[in-house]
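Examination of the molecular architecture
Spelled out, the chains give:
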Amino acid sequence: MAEHPRLILRNFLSPDTCKELEFIHKSCCTVGYRPNVFSTTVSHLIATNSAHLIMPLVPIRERLKEKVEEHFGCEYELFVEFTGLVSWSKGASIGWHSDDNRDYLKQSGSKAVCYLNSYEVDFTGGLFHFQDGEPSTIAPMAGDVILYTADNRNIHSVSEILEGERTTLTLWFSRDASHDEDAKLLISLSDCSLSSSLDSITSCVPTLASNNMYWFPPEEASRFQSGFDICTARLHVLGFDIFPSCEDCYLSRQDSCHNFLKLLKEPLYLACGDKLLAWEFVNILHALQVMQFYRWKELEIEETAQLKGCCINVNVIPLSELHRQKIDQLKVVLLKDLQLAVTLLGHTSNKKRESFDDELRFSALVCEWESYTLKLRKEMAMSLPYWTAHQSIFSLSQS
C-alpha cells in the first residue's frame, strides 16, 4: 500500500445530489461537535420523524463503501461506522491531527469526505491540507470526494473558514462489526411508525429534538441570554420571519426555556417582506423544511406553478402593524444576536431574499414538497422489511 493511502474522486456526486443533501442538512441540522460547526446525523433524522430523508443517503453510502474497499484492498471487510452531514461556518477550523487520535476512534480504519459546495463560490477559507504526501492541499469542489486512512499516515488540517458555510457528507468506516452503524439505526427504525397511511403527509411532518440542540452557541442553551435559534436564523437568512398561530402568544427576554421550546413546537405562519403567508405550518421545522426545499427546487416549482395552478388554498395578505410588532417581539427572543446568525449562516453571494407575492407559487411549493416527502416515505416503507431481514441498510434498486 502507498505510504500515504488516499484517493481523490472528482465529480463523484452530481450537482443535484449535492443540492439535495444540502437541503436535508439545512432543514434539520443542530449544533455540532466543534465551535461554529453544525451537524445532521442519520440517527437525528430518525429521532425527529424525518427518517425518510435517509433514503437519498443510502445509495451514496453503498457506492463509497465499495470505493474504499476497492482502493484500500479490503473487499467485504468494512462496516459503515458513521454517516453525517456537517457544515463549518466562519471561524471554524481544525489543526493537524489524525482521525484515530482519540481512544473512542481507534477502531476507525478509513474515512470519506464528500464536498457538497465549492471553495470561492459558497465559502472562502476551509482548505484541506495533508501534512505529508500528495496532493498536499485540496480546494473543496461540489461533488468531489476524498478517501483516506484514519491514521498517522494521513495527518491533516482544515484552514479557518473566512466566509460562508462549507458543507460535507462524512462517512467513517471500520473493520469492527461491533461499530456497525446499520445495526444501531435499524433498532431506531423499528420504533418508527410506518403503519399509518403512506398517503398522509401529517405522518411525515418533522418533530423537534431538545431545544438545547438548536441553540447557538451551545453553552448558552440553558440560559438563552445570547446567541440564536438555528431554525429561526436559517429562515431569516432565506427572507422569512415567524408569526405565531396563537393570538395571545408572547415571549419576553426573561422567558423560561420551557416556554421557548413550547413556542418552537407550536403551529406558526411565515412572513416575507411586507406579506404574511396565511397557511399554517405544524412547527418551525416543518416551515424550515418546506422553505429549504424551495431553495433547492426553485426552477421546477416555478414551472409547476404555471402549469398546474393552485393545489391548496392559501392567502397572501399585507402585514398589519400588530403583525409586525409580534414578529419583532419573537425576533428579540429567538435571534438575540442577529448579526452573528447572519455571519454564520448567511452568505450574500449565493443567497437571496425570497419573495412570495402570489398564491400560485406557494401552493406549488407545498404540493411539490409533499410529493417528494411521500415518495421517500413509500420507498422507506418498502425497504425496511428487507433491511431488517438482512440487518443491513442498502438500496433495493442496486440489490
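So, here is what we can say about the structure in this document.

Parameters and conventions
Residues numbered from 1 in each chain as written. Predicted model: local features only at pLDDT ≥ 70, side-chain atom pairs only at ≥ 80, totals over all residues. Heavy atoms only, no water. Helix = DSSP H or I, 4+ residues; strand = E, 2+ residues; numbered from the N terminus. Buried < 20%, exposed > 50% of the residue type's maximum accessible area, 1.4 Å probe, protein only. Contact = heavy atoms within 4.5 Å. Areas by Shrake-Rupley, 256 points an atom, 1.4 Å probe, with all protein chains shown as cover. Salt bridge = Lys/Arg side-chain N within 4 Å of Asp/Glu carboxyl O. Core = buried A, V, L, I, M, F, W, Y, C linked by side-chain atoms within 4.5 Å. Domains from an automatic or database assignment. Pairing = 2+ DSSP bridges. Phe/Tyr/Trp six-rings, centres within 6.5 Å; stacked < 30°, edge-to-face > 60°. Lys NZ or Arg CZ within 6 Å of the ring centre and 35° of its normal.

This part covers the overall build of the chain. Summing up its helical and strand segments, the chain has ten helices and 18 strands in all. Looking at the chain residue by residue over its 399 residues, the buried ones come to 55%. In the chain, 82% of the contacts between residues at least 6 apart in sequence involve partners at least 24 apart. Entry remark: accessible area of the chain is about 17,500 Å², with carbon and sulfur atoms responsible for 51%.

A full pass over the atoms with the stated rule returns 15 salt bridges. Aspartate 241 is paired through a salt bridge with lysine 331; the nearest N and O atoms lie 3.5 Å apart. Here aspartate 241 is found in strand E15 (residues 240-244), whereas its partner lysine 331 is found in helix H8 (residues 321-334), with 90 residues between them in sequence. Taking the relative accessible area as the measure of exposure, aspartate 241 reaches 15% and is therefore buried. Where salt bridges share partners, they join Lys19, Glu22 and Lys26 into one cluster.

Another point: the nonpolar core. One recurring pattern in soluble globular proteins is that nonpolar side chains are buried together. Judged by nonpolar contacts, the single largest core of 82 residues is most densely connected at Leu64, Leu189, Leu270, Met291 and Trp387. Split by domain, the residues of this core number at least three in each of domain 1 (6-192) and domain 2 (238-377). For tryptophan 387, the contacting residues outside a window of four places in its chain are Ile54, Met55, Val58, Leu186, Leu189, Met380, Ser392, Ile393 and Phe394. In this structure, Ala92, Tyr115, Val158 and Ile161 belong to the second largest nonpolar core, which totals 14 residues.

Strands sit in the order E5-E11-E8-E9 across an open sheet of four strands; the sheet is antiparallel. Among the strands making up the open sheet, the edge pair consists of strand E5 (94-97) and strand E9 (137-138). Bridge count between E5 and strand E11 (residues 156-158): two bridges; the pairing is antiparallel. Paired with isoleucine 94 across the strands is valine 158, a residue of E11.

In terms of burial, strand E16 (residues 268-272) is largely enclosed, as four of its five residues are buried. One ladder, built from five bridges, connects E15 with E16; its direction is antiparallel. When the sheet's bridge partners are listed, proline 244 is paired in E16 with leucine 268. In this sheet, strand E17 (residues 275-281) lies alongside E16 in antiparallel orientation, the contact comprising four bridges.

With that settled, the discussion passes to the packing of aromatic side chains. In this structure the tally under the stated criterion is 18 aromatic pairs. On the numbers, 5.8 Å between centres and 55 degrees between planes, the contact of phenylalanine 128 with tyrosine 148 is tilted. Taken together, the residues span a long stretch of sequence, with phenylalanine 128 in strand E8 (residues 128-130) and tyrosine 148 in strand E10 (residues 145-149) at a distance of 20 residues. With a relative accessible area of 3%, phenylalanine 128 lands in the buried category. A relative accessible area of 1% places tyrosine 148 in the buried class. It is arginine 6 that lies over the ring of phenylalanine 130; its NZ or CZ is 3.7 Å from the centre. The positively charged end of arginine 166 is found above the aromatic ring belonging to tryptophan 88, 5.7 Å away from the centroid.

Read these as geometric descriptors, not functional statements.
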